[in-house]
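Each chain is listed here by its residues.
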Amino acid sequence: MSAHDTIDEEERTGVLVVGAGPAGLTLAIDLAMRGVPCHVVEATAERPLNPRCNTTSARSMEIFRRLGIAGDIRRAGLPEDRPTSVHYRTTLLGEEIFRIDLPSSGEVLSGAGKEDWPTPEPQHRISQLHLEPVLERHARSLPGLTIERGTRLTGLRRHEDHVEAVVESGGTTRTLRPAYVVGCDGAHSTVRRGLGIRYEGVDALQKFVTTFVRSRALGAIADRDPAWTYWTYGRRTASLIAVDGEELWLNHVAFPPDHDTEDEDPERLLRETVGADVEHDVLGVVRWTGRRLVARRYGEGRVFLAGDAAHLWIPVGGFGMNAGIQDAVTLGWMLAAVLHGWAPPALLDAYQLERKPVGEQFADAVRAAARTSFADVSPDIHLPGPEGEAARAEFAGRLARNEPHRYSPDGFSFGYHYAHSPLVVGGGEQAAITMGDHTERARPGFRLPHAWLDEGRSVLDALGPDFTLLRTDPDTDVTPWTDAAAALGVPLTVVDLPARWPERYPAALLLVRPDQHVAWTGEAHPRPEELLHTVTGRLAAPRQ
């Protein structure tokens, strides 16, 4: 074949995912496990070396638990005995100001203190450099899922019953015909640009110079008081992040949005973070801008956006990647329901209605957190004697008020919701999502709260793969529900839940969606078929 041959592929893939980052791979895995054929194309032949995100949230770990890969992920990244603590110091070699002590992955794996956890899977500190290979290995093992690297999307043509996707690899152009396309292809998304969808928001909140280094000497210094992240306050605020807990480090240094970072010397920046010269090798330098942007629309017709293709915000905790993983599993069950025929295509309209408000609220909360984290710090913290001690104590008080929620953001993991979704009955008005707040009580639109059952199983583990009807009162007749589900073809699993937690599960029946969010709660319902019509997108929510 010549270097510019064209192949027309008649085979129609169920879903084409563009982009093999965490959102794209999570979506592909979820679809494959739901029996939907999925093809992933990724423009890069090899993964980039820039580690990027370094935190996988508790909610993402719950999602990975459902997908069967949480254990593999938790054993990757930092050594199992390394604390995931966050330390705040004048410089790495300077005075300590404040600390947030957090457990190692080994402590989490051992289950130490698990009875007090709000989740079966606490957050995990793992660089994207280590996370993506675990996801890709698992994805490649699944039947019906193919991944093609070094292949880029060059064009989309939308039709009533399918999409034509033109892809190019090694000089050969092919046309694929999937039923649906999902753009998980990042900030410069070819899919988003092909749809003519623009971001809206603030284009520059903060600038950064990020240096990826290899340094055993730096590891030796950090080992005096091991942590995952060290915040320092030299000429500029910086965060030094342990990538492998031994020799690989990221040095993020923040600057005002109008600062020209081209003249900033990475060697000098590392020296200012550490407080002295340290032997190291530079593996990469990235100069970038933190933003607050959300796409005007999360898709059009049979083409959708997820992850960074749909939203970008300043990375003060890895929330962008984790929100992309949430996007993936919300869209995944909807696409599977439509392709398997037990929900109408109109169900997919709810994807934007559910996820775009979450993206906007996350963006606002992250922007506020960034404003606090990168606020000016008094140079007096570097002074010796009582004056320096007083300045550090004042700053520590500020950090104690603002920082813990950022590193244990239970509100973002467990408090985001779809209460206003047309697929949810009885959601009602809800307060804006915050980083730290959530309620351990089952409510329509919210993620089902966790509780431990016998033999180390979570309530979340007991849910079926599609819709689940949880029954806390064994005397409640569920036959009308199972009959209605069978008549509609809606897959429904009935699970009896011990009546141990009346405050947490405050109803005889709780209808839970495939993404573990509550669709409805109640003592009984006179027309379960009508309710099932609503939660699968067949008609508007009935009045209570």
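A quick note: this is a predicted structure, and the numbers were derived from the prediction, not measured. (Residues numbered from 1 in each chain as written. Predicted model: local features only at pLDDT ≥ 70, side-chain atom pairs only at ≥ 80, totals over all residues. Heavy atoms only, no water.)

**Structural notes on the packing of aromatic side chains**
Applying the stated criterion across every chain, the model contains 15 aromatic pairs. Pairing Tyr233 with Phe395 gives two aromatic rings, centres 5.0 Å apart and planes at 85 degrees, and the pair type is edge-to-face. Separated by 162 residues along the polypeptide, Tyr233 in strand S12 (residues 229-233) and Phe395 in helix H11 (residues 385-402) bring together distant segments of the chain. The pair Tyr233 / Phe395 is uniform in exposure class, with both members buried. One aromatic cluster in this structure is built from Tyr180, Tyr298, Phe304 and Tyr351. Here the guanidinium or amino end of Lys114 rests over the ring plane of Trp452, the centre of that ring lying 4.4 Å away. Over the aromatic face of Phe446 sits the side chain of Arg443, whose NZ or CZ is 3.8 Å from the ring centroid. (Phe/Tyr/Trp six-rings, centres within 6.5 Å; stacked < 30°, edge-to-face > 60°. Helix = DSSP H or I, 4+ residues; strand = E, 2+ residues; numbered from the N terminus. Buried < 20%, exposed > 50% of the residue type's maximum accessible area, 1.4 Å probe, protein only. Lys NZ or Arg CZ within 6 Å of the ring centre and 35° of its normal.)

**Looking at the side chain of Asp244**
As for its placement among the helices and strands, Asp244 is situated in the loop between strand S13 (237-242) and strand S14 (248-255). Buried charge without a partner: Asp244 forms no salt bridge, and the closest opposite charge is Arg216, 6.9 Å away. At 3.0 Å, the side chain of Asp244 and the backbone nitrogen of Glu247 are in polar contact. Of the polar contacts made by the side chain of Asp244, one reaches the backbone nitrogen of Leu248; its length is 2.9 Å. (Lys, Arg positive; Asp, Glu negative; His and termini not counted. Salt bridge = Lys/Arg side-chain N within 4 Å of Asp/Glu carboxyl O. Polar contact = N/O pair within 3.5 Å; in protein donor to acceptor, adjacent residues only side chain to side chain.)

**A few points about the sheet that holds S13**
Through backbone hydrogen bonds, the strands of a sheet pair up, either in parallel or in antiparallel fashion. Taken together, eight strands build an open sheet; the order of strands is S5-S4-S12-S13-S14-S11-S15-S18 and the sheet is mixed. The outermost strands of the open sheet, each flanked by one partner alone, are strand S5 (96-100) and strand S18 (311-313). Taking each pair of neighbouring strands and ignoring which way they run, the sheet shows an average axis angle of 25 degrees. With 13 bridges joining them, strand S11 (residues 199-214) and strand S15 (residues 281-295) adopt antiparallel strand pairing. Looking across to S15, one finds that Thr210 is bridged to Val286. (Pairing = 2+ DSSP bridges. Axes fitted to C-alpha atoms, helices over the stretch in contact; angles between N-to-C directions.)

**Thoughts on the packing of helix H2 (residues 58-66) against helix H9 (residues 319-339)**
Contact geometry for H2 and H9: axes closest at 9 Å, N-to-C directions at 40 degrees. With respect to H9, the element H2 is oriented oblique. Considering the relative orientation of H2 and H9, their crossing is left-handed. Along its contact with H2, which presents Arg59, Ser60, Ile63, Phe64 and Arg66, the element H9 presents Asn322, Ile325, Gln326 and Val329. (Parallel < 35°, antiparallel > 145°, perpendicular 65-115°, else oblique. Left-handed = near helix turned anticlockwise from the far one by under 90°. Contact = heavy atoms within 4.5 Å.)

**With respect to the nonpolar core**
Within soluble globular proteins, side chains that are nonpolar tend to cluster in buried spots. Residues Phe64, Ile73, Val182, Leu335, Phe467 and Leu511 are the most contacted members of the largest nonpolar core, which totals 106 residues. Ranked by the residues each element gives to this core, the list is headed by H9, at 13 residues. Here this core spans two domains, since at least three of its residues come from each of domain 1 (9-77 + 126-198 + 296-343) and domain 3 (413-536). If near-sequence neighbours (up to four positions away) are discounted, Val182 is found in contact with Val15, Leu16, Val17, Val18, Leu27, Phe304, Ala306, Leu331 and Leu335. (Core = buried A, V, L, I, M, F, W, Y, C linked by side-chain atoms within 4.5 Å. Domains from an automatic or database assignment.)

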